[in-house]
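# Commentary on secondary and tertiary structure
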Amino acid sequence: MFWFFLAGKKKAGLLYGAIVMLICAVLLLGVGISYLKGDANTIDINDPDCDFSDIGNRTHVVGDIDRSWGVCVVETGDNGKVNYYAVPQFDSNKHPSEFVNVVVFRAEKNDEVTLDSITDDTIDWFCNRSKAPTEKVHIDGYAQKMSDDMYEAAVKYLVSCDFTREESEEMLVPYYLVNNASAKPFLLIFGVVLAVGGTVLLIVWIKKRKDIVDDDRPKVWNTIE
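Structural notes, computed from the coordinates. (Residues numbered from 1 in each chain as written. Predicted model: local features only at pLDDT ≥ 70, side-chain atom pairs only at ≥ 80, totals over all residues. Heavy atoms only, no water.)

### Considerations on the environment of Leu115
Structurally, Leu115 can be placed in helix H3 (residues 112-126). For Leu115, a relative accessible area of 0% gives the class buried. Here the alpha-carbon distance between Leu115 and Gly70, two residues 45 residues apart in the chain, equals 7.9 Å. With residues up to four places along the chain from it excluded, the contact list for Leu115 reads Ile65, Ser68, Tyr85, Phe105, Ala107 and Val137. (Helix = DSSP H or I, 4+ residues; strand = E, 2+ residues; numbered from the N terminus. Buried < 20%, exposed > 50% of the residue type's maximum accessible area, 1.4 Å probe, protein only. Contact = heavy atoms within 4.5 Å.)

Next up, the structure:
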């Protein structure tokens, strides 16, 4: 849009700017609305009747993560390394003897020390060497679908924990949890702002285009003798 303005094509800049803003608005509002839909099926992972397999794309998940089986996926990028932890759901909250489901949680940097401690305590508890973990990491966010690479890495991790591949794929929830509840209002507000801004630009472009058309019409002069 700005290149058109620099080139002196202000009307084209208005049109393309409006189109870009409206497209971005649709994308942001689409994701924001999907979060609102996820709120209708909120899952509390601390509910005794909770079933991790009910977690789907954009499902709103809340609660405290107090179980961990360690880092199952490591993601590296421009912002550094991000660790994803395997959160197991056991057959019992008092005397666990087997895994029922496993969901992956994207850890924030400031939560990794706590999650590492929870991992040690969870393994000791599962092996009947100590009491259940007492430390917790709060989660309030929306589940996101794993990429194929992430899913494969998580499956391989479970296989390394002496599960068969079939067992690993059956247990693993193909969505990961992330603390991103704050993203919903941002997406909705910014989406609305872009929608309004794009609409204003489009109206201005239509008005300018109409003015040009009116100016280009042939003028008829009547002569009265």
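### A short note on the pairing of strand S3 (residues 71-77)
Examined bridge by bridge, S3 and strand S4 (residues 80-90) share 6 bridges and lie antiparallel to one another. Within S4, the residue paired with Val73 across the bridge is Tyr84. Linking two consecutive strands that pair antiparallel, namely S3 and S4, is a turn of 2 residues. (Pairing = 2+ DSSP bridges.)

### Thoughts on the packing of aromatic side chains
Here the structure, examined in full by the defined rule, presents 9 aromatic pairs. Between the aromatic rings of Tyr84 and Tyr176, the centroid separation amounts to 5.6 Å while the plane-to-plane angle is 85°, which identifies the pairing as edge-to-face. Highlighted residues: Tyr84 in strand S4 and Tyr176 in strand S8 (residues 172-177), separated in sequence by 92 residues. A residue is classified by how much of its surface remains accessible, and Tyr176, at 12% relative accessible area, is buried. Seen in terms of ring centroids, Phe99 and Phe126 are 5.6 Å apart; in terms of plane orientation they differ by 80°. Their pairing is edge-to-face. Placement of Phe99 in strand S5 (residues 99-106) and of Phe126 in helix H3 is noted, with a sequence separation of 27 residues between them. Phe126 matches Phe99 in its accessibility class, with the two residues each being buried. (Phe/Tyr/Trp six-rings, centres within 6.5 Å; stacked < 30°, edge-to-face > 60°.)

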